[in-house]
Amino acid sequence: MKKRNSVFIATSLDGFIADKNGKIDWLNDIPNPDKSDLGFNKFITKIDAIIMGRKTFETVCGFDIDWPYKIPVFVLSNSLKQILKDYKDKAYLVKGSIKEIINKINEKGYYNLYIDGGTTVQSFLKEDVIDDLIITTIPIILGEGVPLFNVLNDKLDFELISSEVYINQLVQSHYRRKRA
Ligand SMILES: NC(=O)c1ccc[n+]([C@@H]2O[C@H](COP(=O)([O-])OP(=O)(O)OC[C@H]3O[C@@H](n4cnc5c(N)ncnc54)[C@H](OP(=O)(O)O)[C@@H]3O)[C@@H](O)[C@H]2O)c1
């Protein structure tokens, strides 16, 4: 079974995934009258499990909606001691080195992983274990906030697989890691 680690995330023009207060309301500022899912449902059908940073997990837990995922969510955290019982059978705590975490999740039979959260994506990129980056660009400049990218040990080459425009305003680019 082919293993893939993918990112599906929205950023400002200047590369932030949340504003300086950690807020993401600006993601929904562009009118979306037909409630386009911006390709998310098609993406998630190919995913077996999600690895999410603790801060993103807490954001999702705070949404005033039913739990949005039908697949297991593995929450990266060194500070959480346990997952609240409301999320039992939905979310599981993981810690350790990124490669160890991926191996353990792959051994459970989950091969196509969705990696979510800024610091989390950065840790995965640092280990060069991201295969696909699907980035939706929101036409706003925040100036500061939570960055998607950070310092790397080495440059990473990607190639453009496709690019799509949603609701006339958002460009979604799918990049795949080019490995020698
Ligand atoms: N624009 C979008 O599409 C989008 C998508 C996702 C999230 N967001 C937003 O982005 C913000 C969260 O991003 P973030 O970068 O602040 O945090 P994050 O990646 O969601 O979570 C960071 C936390 O995850 C844990 N973690 C990360 N890497 C780890 C590692 N290698 N080992 C162990 N634990 C690790 C740590 O938890 P502990 O501190 O508990 O150890 C760390 O504090 C939120 O505001 C969220 O709403 C936006």
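Further up the page is the structure itself.
Here's a quick rundown of the structure. Quantities reported herein were computed from a predicted structural model and do not represent experimental measurements.

Quick notes on the rules
- Residues numbered from 1 in each chain as written.
- Predicted model: local features only at pLDDT ≥ 70, side-chain atom pairs only at ≥ 80, totals over all residues.
- Heavy atoms only, no water.
- Helix = DSSP H or I, 4+ residues; strand = E, 2+ residues; numbered from the N terminus.
- Rg over C-alpha atoms; globule rule 2.2 N^0.38 Å.
- Pairing = 2+ DSSP bridges.
- Near = heavy atom within 4 Å.
- Polar contact = N/O pair within 3.5 Å; in protein donor to acceptor, adjacent residues only side chain to side chain.
- Nonpolar A, V, L, I, M, F, W, Y, C, P; charged D, E, K, R; others polar.
- Axes fitted to C-alpha atoms, helices over the stretch in contact; angles between N-to-C directions.
- Contact = heavy atoms within 4.5 Å.
- Core = buried A, V, L, I, M, F, W, Y, C linked by side-chain atoms within 4.5 Å.
- Buried < 20%, exposed > 50% of the residue type's maximum accessible area, 1.4 Å probe, protein only.

The helix and strand tally for the protein chain stands at four helices and 10 strands. In sequence order, the secondary structure elements of the protein chain are arranged as β-β-α-β-α-β-β-α-β-α-β-β-β-β. The C-alpha radius of gyration of the protein chain comes to 16 Å, within 12% of the 16 Å expected for a compact globule of 180 residues. Seen through its principal axes, the protein chain has C-alpha atoms that stretch 45 × 40 × 30 Å.

Let us now look at the environment of Ile 115. Relative to the helices and strands, Ile 115 is located in strand E6 (residues 112-116). Along the sequence, Ile 115 and Val 7 sit 108 residues apart, while their C-alpha atoms lie 5.2 Å from each other.

A separate point is the pairing of strand E9 (residues 158-166). When E9 meets strand E10 (residues 170-177), the two strands line up antiparallel, connected through eight bridges. Across the sheet, Ser 163 pairs through a bridge with Ser 173, a residue of E10. Between E9 and E10, which pair antiparallel in sequence order, lie three residues; one of them, Ile 167, sits at a positive phi of approximately 35°.

Let's shift gears to the site of the ligand. Around the ligand, 24 residues are found, and the nearest of them are Thr 56, Ser 77, Asn 78, Ser 79 and Thr 119. Within the side chain of Arg 54, an N or O atom sits 2.8 Å from an oxygen atom of the ligand. Secondary structure elements with two or more residues in the shell around the ligand: strand E1 (4-12), strand E2 (16-18), helix H2 (54-62) and helix H4 (118-126). Along the lines of polarity and charge, the residues of the shell around the ligand split into nine nonpolar, 12 polar and three charged.

What follows deals with the sheet that holds E10. With respect to topology, eight strands assemble into an open sheet ordered E5-E4-E3-E6-E1-E7-E10-E9, the strand pairing being mixed. Of all the strands in the sheet, the pair left with one neighbour each is strand E5 (91-94) and E9. On average, each strand axis in the sheet is inclined to that of its neighbour by 20°, with strand direction left out of account. Relative to E5, strand E4 (residues 73-76) is paired through four bridges, and the arrangement is parallel. For Val 75, the partnering residue across the bridge sits in E5 and is Leu 93. Each of strand E3 (49-53), E4, E5 and E6 touches H2; the most contacted strand, E3, lies at about 105° to it.

This part is about the nonpolar core. Core analysis: the largest hydrophobic core is formed by 23 residues, its most contacted members being Val 7, Ile 51, Leu 76, Leu 113, Ile 115, Phe 124 and Ile 130. Elements that contribute at least two residues to this core include exactly E1, E3, E4, helix H3 (98-107), E6, H4 and strand E7 (132-138). Top contributing element to this core by residue count: H3, with four residues. When neighbours within four sequence positions are excluded, Phe 124 is seen to be in contact with Ile 51, Leu 76, Ile 98, Ile 102, Ile 115, Val 129 and Ile 130. With 19 residues, the next largest nonpolar core counts Ile 50, Met 52, Tyr 69 and Val 75 among its residues.

In the Ramachandran plot, Leu 38 falls in the positive-phi region, its phi being about 55° despite a non-glycine side chain. Inspection of the secondary structure assignment puts Leu 38 in the loop between E2 and helix H1 (40-44). Not every positive phi belongs to a glycine, and Asn 168 is a case in point at roughly 65°. A residue is classified by how much of its surface remains accessible, and Asn 168, at 71% relative accessible area, is exposed.

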